[in-house]
2 protein chains.
Amino acid sequence: MSIALPPMSSRLGSVQSSAIRDLLALTAREDVISLAGGLPALELIPSHRIRDAAQSVLAESTSVQYGETSGWRGLREIVAHRESVITGRSVQYAEVVITHGSQQALTLIAQALLDPGAAVVVDEPAYTGALQVFSIAGADIHAIPIGEDGLDTDELERRLRGGLRPTLVHTVSNFHNPRGVTMSQFRRRHLAELADRYGFWILEDDPYGEIWFGAPPPAPIFSDRVVRLSSASKILAPALRVGWMVAPKQVCDAVELLKQGADLCGSSMTQQMAAHMLADTPWLDLHLETLRGEYGRRAAALHRALGAAFGDAASVKPADGGMFLWLTFHDGTDTTALLPTALDHGVAFVPGKAFADNATYSTSARLCFASSPAPVLDEAVRRLTRAHV
Amino acid sequence: MSIALPPMSSRLGSVQSSAIRDLLALTAREDVISLAGGLPALELIPSHRIRDAAQSVLAESTSVQYGETSGWRGLREIVAHRESVITGRSVQYAEVVITHGSQQALTLIAQALLDPGAAVVVDEPAYTGALQVFSIAGADIHAIPIGEDGLDTDELERRLRGGLRPTLVHTVSNFHNPRGVTMSQFRRRHLAELADRYGFWILEDDPYGEIWFGAPPPAPIFSDRVVRLSSASKILAPALRVGWMVAPKQVCDAVELLKQGADLCGSSMTQQMAAHMLADTPWLDLHLETLRGEYGRRAAALHRALGAAFGDAASVKPADGGMFLWLTFHDGTDTTALLPTALDHGVAFVPGKAFADNATYSTSARLCFASSPAPVLDEAVRRLTRAHV
């Protein structure tokens, strides 16, 4: 029997499934080397340490009960301490909310700060998860190009002078997804000045900041108008679903209120496990050193292989951190058209067009070096070379 | 330095923090026996079994990686099987979405089905978490009284004939929060008929259905227009943050799309742990038997003590399941006014007014019997008697 079901919200019409996630479904074939995802390397996730953390926190009965909406106090304090070191100012635990991955923070911030139709500035190209959140929120989305030194704040200033009045500006400041670049100190200061002058929030999305290869990135954007997001997903494990937001207390209060409706609270268990590992500084330092070393070797291997394979036909900058290289063809190759052929040859990537509604990016592609060891990356590039004829 | 921060969303003005959660913060004092919460008894949460489950799933590396947005396939299949048994029809895993507690399902369903201003019918008194979600969604909320046999569908029918056109009707069908009652088979059929006739969704919220004392509750509401919510929080542990939604596939698809934006995915680890325990039928049956027995004894103890203490000055029905008794005074006692005095005497409850915007409920209170053993419940009632003079 088929019946006419009641209607659903009109907002669904404007919401597209994440192109990357749909693609991931297609590229999960055993015979495909996927450089399309943004997954941490499974073999570098500290499974044994996670198992120890589980045993330790499950010995205390509070770890299985409901917890506070804003997160387990012990974890908020550890994050506040680590953020104090990173930002160079004294962050209080009351300025920290633990979220279900930093993606939840993005959604709750959009709900807390945006009325439907509010103007929002995003990177071009942008993290697709942010585009999806702002689209669900009914925002009026404006894209500002990412250059080699991060968000083009000169272009942003021109647009602001032209009358653009964003409620917030979202940018991935370190080891950009998908562009790979890091925002310079000059751009950070310029953005903070513009926020003061034009009265907008800065949403500094920073999941990759601790995965640096040579030297740490510049200090975070310094402003009273910054909301900073980060996460344990890339440095510990995605399955903890532990992200965090650092923001003025009034924003934390608003997000806590919305989080009550969204899910009551996060998992006491995985939050205590994350705290267990983040507080163990000797172990964490060693773990991060391993992660940085191995991801750095993978990044260099992929960069070298791409350079050798495509020469002048494409350009790709080396990575200073994070998980991605950004490849741009100069021979007219359309990466969206290349993808099906690449899949036939057993390799996957994300076409540049997935990250921006702009033809400029149709000759580019995002390649994740993190998930595969160097020999597999070499084989991936051989397959890509055969697909690109 | 104090600066004028940029404004926040206008929707926050209409959103109130959950009265119960704010109250819980006040009643967390060591010297207070709290019957205010809705927490499962810590000593009845199967901590050892949870630790075993953690060890077992963490031996497989997939448990620490990102997972599918709609939930781990193994858990969706187990939930589909259990729901098939409970509902008496064949539920497919594609009709199941795993959520971050059933509270997240409530929020995503509201986003998927409701446009701002859409009419929604709720119980009176209602689960406060639902009121909060529908308020955040900007719904036009209509309350229909809960009687001894559940939602008063005769009153609902009168309102529908009078022109009310809800997009959805939310009700807690089994062992109601806060009223304690269970919807009769007659009311379930009547509600399903009205949904067919007037074309609305039924959101059957059922976190307590498996915590029955004498006999299981009637079969779930049978209709193609039902979205059913339940959870592992009350039968296993809240910290797993594993809830689920059973709905027509088109609704599951919409919720999956919104969940991508909300948090990308749930925790592979806690979902696999929940699956591990839910699939172990011999253990689960024994565990549920223990839970039912002990909660039943606590419910009977609290009922007996209240009857002895207040006699004709108040009435309270015995519980057939769930976690709550609903006490109504007949001597003019205002429970909101009683609460501060009760706290002074070292006992807490939730005043009836927290669950409905209606003076009718100002002489009632919700008392949770689940969190405390019988002798503590006896002491709580002694303190309540002294506060009520």
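- Going by what an unreviewed UniProt entry lists, chain A is known as PLP-dependent aminotransferase family protein and is assigned to Rhodococcus sovatensis.
- Annotation of chain A in UniProt includes, under Cofactor (unreviewed entry), the sentence "pyridoxal 5'-phosphate".

1. Considering the relation of the copies chain B and chain A
In summary, the two copies of the chain are related to each other by a rotation about an axis coupled with a shift along it.
Turning to step 1, where the next piece is worked out: Laying chain B over chain A is done by rotating through 180 degrees and shifting 0.0 Å along the axis; what remains is an RMSD of 0.0 Å. With respect to symmetry, the two chain copies, as superposed, fit the operation of a two-fold axis. Among all residues of chain B, the one whose C-alpha sits closest to the rotation axis is Ala54 of chain B, at a distance of 3.4 Å.
Turning to step 2, where the next piece is worked out: Both copies contact each other with a shared surface, as 100% of the interface residues of chain B are interface residues in chain A too.

2. Quick notes on empty space enclosed by the protein
Regions of empty space are outlined by a rolling probe, equal in size to a water molecule, passed over the atoms.
Turning to step 1, where the next piece is worked out: Under the criterion given, the structure shown has four cavities of 30 Å³ or more.
Turning to step 2, where the next piece is worked out: Considering only enclosed or pocket space, the largest cavity measures out at about 120 Å³ in volume.
Turning to step 3, where the next piece is worked out: Lining the largest cavity are 21 residues, with His100, Arg241 and Ser267 of chain A together with His100 and Arg241 of chain B positioned closest to its centre.
Turning to step 4, where the next piece is worked out: Among the secondary structure elements, those contributing two or more residues to the lining of the largest cavity are β2 (96-99) and α9 (268-278) of chain A together with β2 (96-99) and α9 (268-278) of chain B.

3. Digging into the domain arrangement of chain A
Residue and element names in this part refer to chain A.
Turning to step 1, where the next piece is worked out: Each assigned domain of chain A is listed with its residue range as follows: domain 1 (13-44 + 284-387) and domain 2 (62-280).
Turning to step 2, where the next piece is worked out: Its C-alpha centre places domain 1 at a distance of 25 Å from the equivalent point of domain 2.
Turning to step 3, where the next piece is worked out: Facing the 31 residues of domain 1 at the interface are 31 residues of domain 2.
Turning to step 4, where the next piece is worked out: A buried area of about 2,600 Å², summed over both sides, lies between domain 1 and domain 2, and 61% of it is on carbon and sulfur atoms.
Turning to step 5, where the next piece is worked out: Summed over the three residues of domain 1 that lose the most area to domain 2, namely Leu284, Arg292 and Phe355, the buried surface amounts to 25% of that side.
Turning to step 6, where the next piece is worked out: Along the contact surface separating domain 1 from domain 2 lie one salt bridge.
Turning to step 7, where the next piece is worked out: One salt bridge in this structure joins Glu148 and Lys317, with 3.5 Å as the shortest N-O distance.
Turning to step 8, where the next piece is worked out: Counting every contact that joins domain 1 to domain 2 gives ten residue pairs in polar contact (both at pLDDT 80 or more).
Turning to step 9, where the next piece is worked out: Looking at the side of domain 1 that touches domain 2, the elements that each hand over two or more residues are α10 (281-310) and β11 (324-329).
Turning to step 10, where the next piece is worked out: Element by element, the count of residues in the side of domain 1 that touches domain 2 is highest for α10, at eight residues.

4. Side note on the sheet that holds strand β8 (residues 226-231) of chain A
Whenever strands of a sheet pair, they do so through backbone hydrogen bonds, lying parallel or antiparallel.
All names here are of chain A.
Turning to step 1, where the next piece is worked out: Here we have eight strands laid out as an open sheet, ordered β2-β9-β8-β7-β6-β3-β4-β5, and mixed in their pairing. The open sheet has two edge strands with one neighbour each: β2 and β5 (150-151).
Turning to step 2, where the next piece is worked out: Taken together, the five bridges between strand β6 (residues 168-172) and strand β7 (residues 201-205) define a ladder with parallel strand orientation. For Val172, the partnering residue across the bridge sits in β7 and is Asp205.
Turning to step 3, where the next piece is worked out: Contacts from helix α6 (residues 153-161) reach β3 (119-124), β4 (140-147), β5 and β6 within the one sheet, and its direction differs from that of β4 by about 145 degrees.

5. What to know about the UniProt feature "domain: Aminotransferase class I/classII large" (unreviewed entry) in chain A
Turning to step 1, where the next piece is worked out: Mapped onto this structure's residue numbering, the UniProt feature "domain: Aminotransferase class I/classII large" (unreviewed entry) falls at residues 31-384 of chain A.
Turning to step 2, where the next piece is worked out: Secondary structure across residues 31-384 of chain A divides into 42% helix and 17% strand, with the first and last C-alpha atoms of the span separated by 14 Å.

6. Focus: the pairing of β2 of chain A
Residues and elements named next belong to chain A.
Turning to step 1, where the next piece is worked out: Every second residue of β2 is oriented toward a common face, with Val96 and Ile98 on one face and Val97 and Thr99 on the other, all of them buried.
Turning to step 2, where the next piece is worked out: The sheet contact formed by β2 and strand β9 (residues 243-246) spans four bridges and is antiparallel. Of the residues in β9, the one forming a bridge with Val97 is Met245.

7. Some details on the interface of chain B and chain A
Turning to step 1, where the next piece is worked out: Counting residues at the interface gives 78 residues for chain B and 78 residues for chain A.
Turning to step 2, where the next piece is worked out: With both sides pooled, the region where chain B packs onto chain A buries about 6,900 Å², and carbon together with sulfur makes up 59% of that total.
Turning to step 3, where the next piece is worked out: Here chain B and chain A share zero salt bridges between them.
Turning to step 4, where the next piece is worked out: Viewed at the interface, chain A and chain B are joined by 23 residue pairs in polar contact (both at pLDDT 80 or more).
Turning to step 5, where the next piece is worked out: Mapped by element, the contributors of at least two residues to the side of chain B that touches chain A are α2 (47-58), α4 (101-113), α5 (128-136), α8 (249-263) and α9 of chain B.
Turning to step 6, where the next piece is worked out: Looking at the side of chain B that touches chain A, the element that brings in the most residues is α8 of chain B, giving nine residues.
Turning to step 7, where the next piece is worked out: In the side of chain B that touches chain A, the residues fall into 40 nonpolar, 28 polar and ten charged.

Here is what the cut-offs are and how they apply
Residues numbered from 1 in each chain as written. Chains lettered and ligands numbered in written order. Predicted model: local features only at pLDDT ≥ 70, side-chain atom pairs only at ≥ 80, totals over all residues. Heavy atoms only, no water. UniProt positions renumbered as here; feature names shortened; annotations may be inferred. Least-squares fit on C-alpha atoms with pLDDT ≥ 70 in both. Contact = heavy atoms within 4.5 Å. 1 Å grid on protein atoms, 1.4 Å probe; cavity = no way out; pocket = protein on both sides within 12 Å on 5 of 7 lines; lining within 4 Å. Points joined across faces, edges and corners; volume = space filled by probe spheres on them. Helix = DSSP H or I, 4+ residues; strand = E, 2+ residues; numbered from the N terminus. Domains from an automatic or database assignment. Buried area = accessible area lost by both parts, 1.4 Å probe. Salt bridge = Lys/Arg side-chain N within 4 Å of Asp/Glu carboxyl O. Polar contact = N/O pair within 3.5 Å; in protein donor to acceptor, adjacent residues only side chain to side chain. Pairing = 2+ DSSP bridges. Axes fitted to C-alpha atoms, helices over the stretch in contact; angles between N-to-C directions. Buried < 20%, exposed > 50% of the residue type's maximum accessible area, 1.4 Å probe, protein only. Nonpolar A, V, L, I, M, F, W, Y, C, P; charged D, E, K, R; others polar.

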